[in-house]
Amino acid sequence: MITISVILEFIGTFAAAISGIRLASNKHFDWFGAYVVGVATAIGGGTLRDIQLDLTPFWMTSPIYLIASGLAFLWVLFFRNTLNRWAQTFFLFDAIGLALFTVVGIDKSLAAGYPYWVAIAMGCVTGAAGGVVRDILINEIPLIFRKDFYAMSSICGGIIYWQLSTHGLVGAPYLQIITGSSVFLIRLLGAHYQFRLPTMREMEEEQPERDT
Amino acid sequence: MITISVILEFIGTFAAAISGIRLASNKHFDWFGAYVVGVATAIGGGTLRDIQLDLTPFWMTSPIYLIASGLAFLWVLFFRNTLNRWAQTFFLFDAIGLALFTVVGIDKSLAAGYPYWVAIAMGCVTGAAGGVVRDILINEIPLIFRKDFYAMSSICGGIIYWQLSTHGLVGAPYLQIITGSSVFLIRLLGAHYQFRLPTMREMEEEQPERDT
Amino acid sequence: MITISVILEFIGTFAAAISGIRLASNKHFDWFGAYVVGVATAIGGGTLRDIQLDLTPFWMTSPIYLIASGLAFLWVLFFRNTLNRWAQTFFLFDAIGLALFTVVGIDKSLAAGYPYWVAIAMGCVTGAAGGVVRDILINEIPLIFRKDFYAMSSICGGIIYWQLSTHGLVGAPYLQIITGSSVFLIRLLGAHYQFRLPTMREMEEEQPERDT
């Protein structure tokens, strides 16, 4: 049975893979490299979560994630010139992915018996760590560490989940729907109004203990 | 009992470590750093596989991998000037490693109960991911993503294994021997005739959704 | 009960996080990015150890590590200008962390049934790999691979532990105290007298097999 959750997951995987394949393309990766970076962006976060929760990495349980990444690869390959026209759509798809992956990460962590603070962290890992893996593979400083309200949207959603749940305000599936919608909305508002966390300031002098 | 498989594994580990230690040397790593990069190149792929299959990382089951890497270190240290003369030999050793690691990765995944598509991916991870770990540690874009038919040789071998096995054409150990030989040959032919996957093309315009 | 070990662990975590947050600050990471790099520096090594030993990642068992990293973040944020004045203190804290993490890594590995050579490697991973994760996240060549006697202090301590233990010279807790003190002292002496491992020399000619 194809549920809404499966459709949303496919959309989110597709969008994450698109972002990885595009950035790899700009660095002149070959077809294999671009596809692998797309896959790593799509599954990196969830895999880091599952390894730490001692679960089977989710991408090994169904070929759908590699297939969605393959479709993303074909899209970039054949419709490269249309990508900027679709930018707004892919942005929405990506925000859907961030929202869904956050909820999945939280649910899986709580189901494994961990407390809320671990679940919130894992929701953020699930939603945002794929982008970090992507940027490491293309040898760039991870973007989510320098700008944007990307990972913070996930964390805000996690806090909302925690508060709603511990106060018994709502149960499943409303808990998940409200959390996911919150992440999605915060991401959209953050992009539109350019939410930014402050940037750290450089240290003034040289740091002799750099090597510690 | 020292089997052919053990000898081939030693050769492959040695060659992988040589490649890591050489590249680390060119970046002026110290002895410790060069050795660690050699080890990481040699064991990185298999460790990523075992962690995802929830098995004990293979390098922790026998000191032979750290020893083979240590011999590779000594070789680079003392016979540095002969390395180019031996380049052809190390290339063959490395291709042997790629072939063997691919077969081991496939076999271990199937033994753990995973389907063929996971096994083919894991064969490729086992054979090629060590080079990715190496390039991340020396802060370079992973080479296998940009040129050469390295990882693709492993995937071609995996497809051959899958086809032979599902059609019941051959069983062990011929299945493994044919697969390994195929990877080895494709790698050699690919290097000789310079097989290349096409390179992705850069996007024309700026990408406003870079940060998604 | 707050034991000395818990206090030392807090100090070591704090110092590791400080180093990550400082370096991230110099690369203009935002608050979230700086905090995450701090956390990754503090917990990266132990997490790599626990995943390979198939144990629950230690940072998921108590919020103290994220809290210590949070305090480190606040320190850098508010007392940035005092950081150089405190450099010596943070260096000592970091050396305490290296010593403690080495001992914890060795003990956990032996308790999991692994031989001494695995335990020594895991002691070093626990103590030093966080710095490697940090440098990968800020897109720099890992510092411990290029200078200083940082990881080697951990390995020397591991060898001391092994010799004392196999010859039955001392038992717990003296074994742990002597090992930790040795790591601490070697690190201090190494920094003061500038112990350095030799640097690998670059290869003379081009390397045609770079891509193997």
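Residues numbered from 1 in each chain as written. Chains lettered and ligands numbered in written order. Predicted model: local features only at pLDDT ≥ 70, side-chain atom pairs only at ≥ 80, totals over all residues. Heavy atoms only, no water.

1. So, the confidence of the model for chain A
Residue and element names in this part refer to chain A.
- Of the residues in chain A, 94% have a pLDDT of 70 or more, and the chain-wide mean is 93.
- Looking across chain A, the model is least confident in helix 1 (residues 4-26), with a mean pLDDT of 94, and most confident in helix 5 (residues 116-137), with 98.
- The ipTM, which scores confidence in the relative placement of chains, is 0.93 for this predicted complex, and the corresponding pTM is 0.94. (pLDDT = per-residue confidence, 0-100. Helix = DSSP H or I, 4+ residues; strand = E, 2+ residues; numbered from the N terminus.)

2. Structural notes on the interface of chain A and chain C
- Each partner contributes residues to the interface: chain A has 40 residues there, and chain C has 47 residues.
- Here chain A packs against chain C, burying approximately 3,900 Å² in sum over the two surfaces, 61% of which is carbon and sulfur.
- Inspection of the region where chain A meets chain C yields 0 salt bridges.
- For the pair chain A and chain C, the interface holds 5 residue pairs in polar contact (both at pLDDT 80 or more).
- Secondary structure elements with two or more residues in the side of chain A that touches chain C: helix 2 (31-53), helix 5 and helix 6 (150-166) of chain A.
- Per element, the largest residue contribution to the side of chain A that touches chain C is 7 residues, and it comes from helix 5 of chain A.
- Of the residues in the side of chain A that touches chain C, the class split is 22 nonpolar, 5 polar and 13 charged. (Contact = heavy atoms within 4.5 Å. Buried area = accessible area lost by both parts, 1.4 Å probe. Salt bridge = Lys/Arg side-chain N within 4 Å of Asp/Glu carboxyl O. Polar contact = N/O pair within 3.5 Å; in protein donor to acceptor, adjacent residues only side chain to side chain. Nonpolar A, V, L, I, M, F, W, Y, C, P; charged D, E, K, R; others polar.)

3. Quick look at the pattern of salt bridges
Residues and elements named next belong to chain A.
- One pass over the structure, following the stated rule, counts 15 salt bridges over all chains.
- A salt bridge links Asp50 to Arg49; the shortest N-O distance between them is 3.0 Å. Accessibility classification places Asp50 together with Arg49 in one group, the buried group. (Buried < 20%, exposed > 50% of the residue type's maximum accessible area, 1.4 Å probe, protein only.)

4. Considering the relation of the copies chain B and chain A
- Under the fitted operation, chain B is carried onto chain A by 0.0 Å of movement along the axis and a turn of 120 degrees, and the coordinates agree to an RMSD of 0.0 Å. Read as a symmetry element, the transformation amounts to a three-fold axis.
- Comparing interface residues between copies, only 15% of those in chain B also lie at the interface in chain A; the contact surfaces differ. (Least-squares fit on C-alpha atoms with pLDDT ≥ 70 in both.)

5. Here's the deal with the relation of the copies chain A and chain C
- For these two chains of identical sequence, chain A goes onto chain C by a turn of 120 degrees and a shift of 0.0 Å along the axis, with RMSD 0.0 Å.
- The two copies present different faces, since only 15% of the interface residues in chain A are matched by interface residues at the equivalent positions in chain C.

6. Observations regarding helix 6 of chain A
- With 17 residues, helix 6 of chain A ought to run about 24 Å at 1.5 Å a step, and its terminal C-alpha atoms sit 25 Å apart, in line with that.
- On its buried side, helix 6 of chain A packs onto helix 4 (87-111), helix 5 and helix 7 (174-192) of chain A together with helix 2 (31-53) of chain C. (Expected span 1.5 Å × (residues − 1).)

7. What about helix 7 (residues 174-192) of chain B?
Residue and element names in this part refer to chain B.
- The terminal C-alpha atoms of helix 7, which comprises 19 residues, lie 26 Å apart, in line with the 27 Å expected from a rise of 1.5 Å per residue.
- Every buried residue of helix 7 is accounted for by Leu175, Gln176, Thr179, Gly180, Ser182, Val183, Ile186, Arg187 and Gly190. Down the axis, helix 7 shows its buried residues gathered within 155 degrees of arc, on one side only. Among the exposed residues of helix 7, those pointing more than 90 degrees away from its buried face are Tyr174 and His192. (Arc of directions from axis to C-beta.)

8. What to know about the interface of chain B and chain A
- Contact with chain B, which involves 40 residues of that partner, is made by 47 residues of chain A.
- Regarding the contact of chain B and chain A, the summed buried area is about 3,900 Å², with carbon and sulfur atoms giving 61% of it.
- Scanning the region where chain B abuts chain A turns up 0 salt bridges.
- Applying the counting rule to chain B against chain A returns 5 residue pairs in polar contact (both at pLDDT 80 or more).
- Where the side of chain B that touches chain A is concerned, the elements lending two or more residues are helix 2 (31-53), helix 5 (116-137) and helix 6 (150-166) of chain B.
- It is helix 5 of chain B that contributes the most residues to the side of chain B that touches chain A, 7 residues altogether.
- Tallied by class, residues from the side of chain B that touches chain A come to 22 nonpolar, 5 polar and 13 charged.

9. Side note on the packing of helix 2 of chain A against helix 5 of chain A
Residues and elements named next belong to chain A.
- Here helix 2 crosses helix 5 at 135 degrees, and the two axes come no closer than 7 Å. If you check the angle between helix 2 and helix 5, you find them oblique. The hand of the helix 2/helix 5 crossing is right-handed. Note on element contacts: helix 5 touches helix 2 through Met122, Val125, Thr126, Ala129, Gly130, Gly131, Val133, Arg134 and Leu137, opposite Val37, Ala40, Thr41, Gly44, Gly45, Gly46, Leu48, Arg49 and Gln52.
- Grouping the amino acids of the contact of helix 2 with helix 5 by side-chain chemistry returns 8 nonpolar, 8 polar and 2 charged. (Axes fitted to C-alpha atoms, helices over the stretch in contact; angles between N-to-C directions. Parallel < 35°, antiparallel > 145°, perpendicular 65-115°, else oblique. Left-handed = near helix turned anticlockwise from the far one by under 90°.)

10. Regarding the packing of aromatic side chains
Residue and element names in this part refer to chain B.
- Tallied over the entire structure, the rule returns 42 aromatic pairs over all chains.
- Consider the rings of Tyr35 and Phe73, whose centres lie 6.4 Å apart with planes at 80 degrees: the pair is edge-to-face. In this pair, Tyr35 is assigned in helix 2 and Phe73 in helix 3 (residues 64-78), connecting sequence segments 38 residues apart.
- Using a relative accessible area of 24% as the deciding quantity, one classes Tyr35 as partly exposed.
- With relative accessibility at 10%, the residue Phe73 sits in the buried group. (Phe/Tyr/Trp six-rings, centres within 6.5 Å; stacked < 30°, edge-to-face > 60°.)

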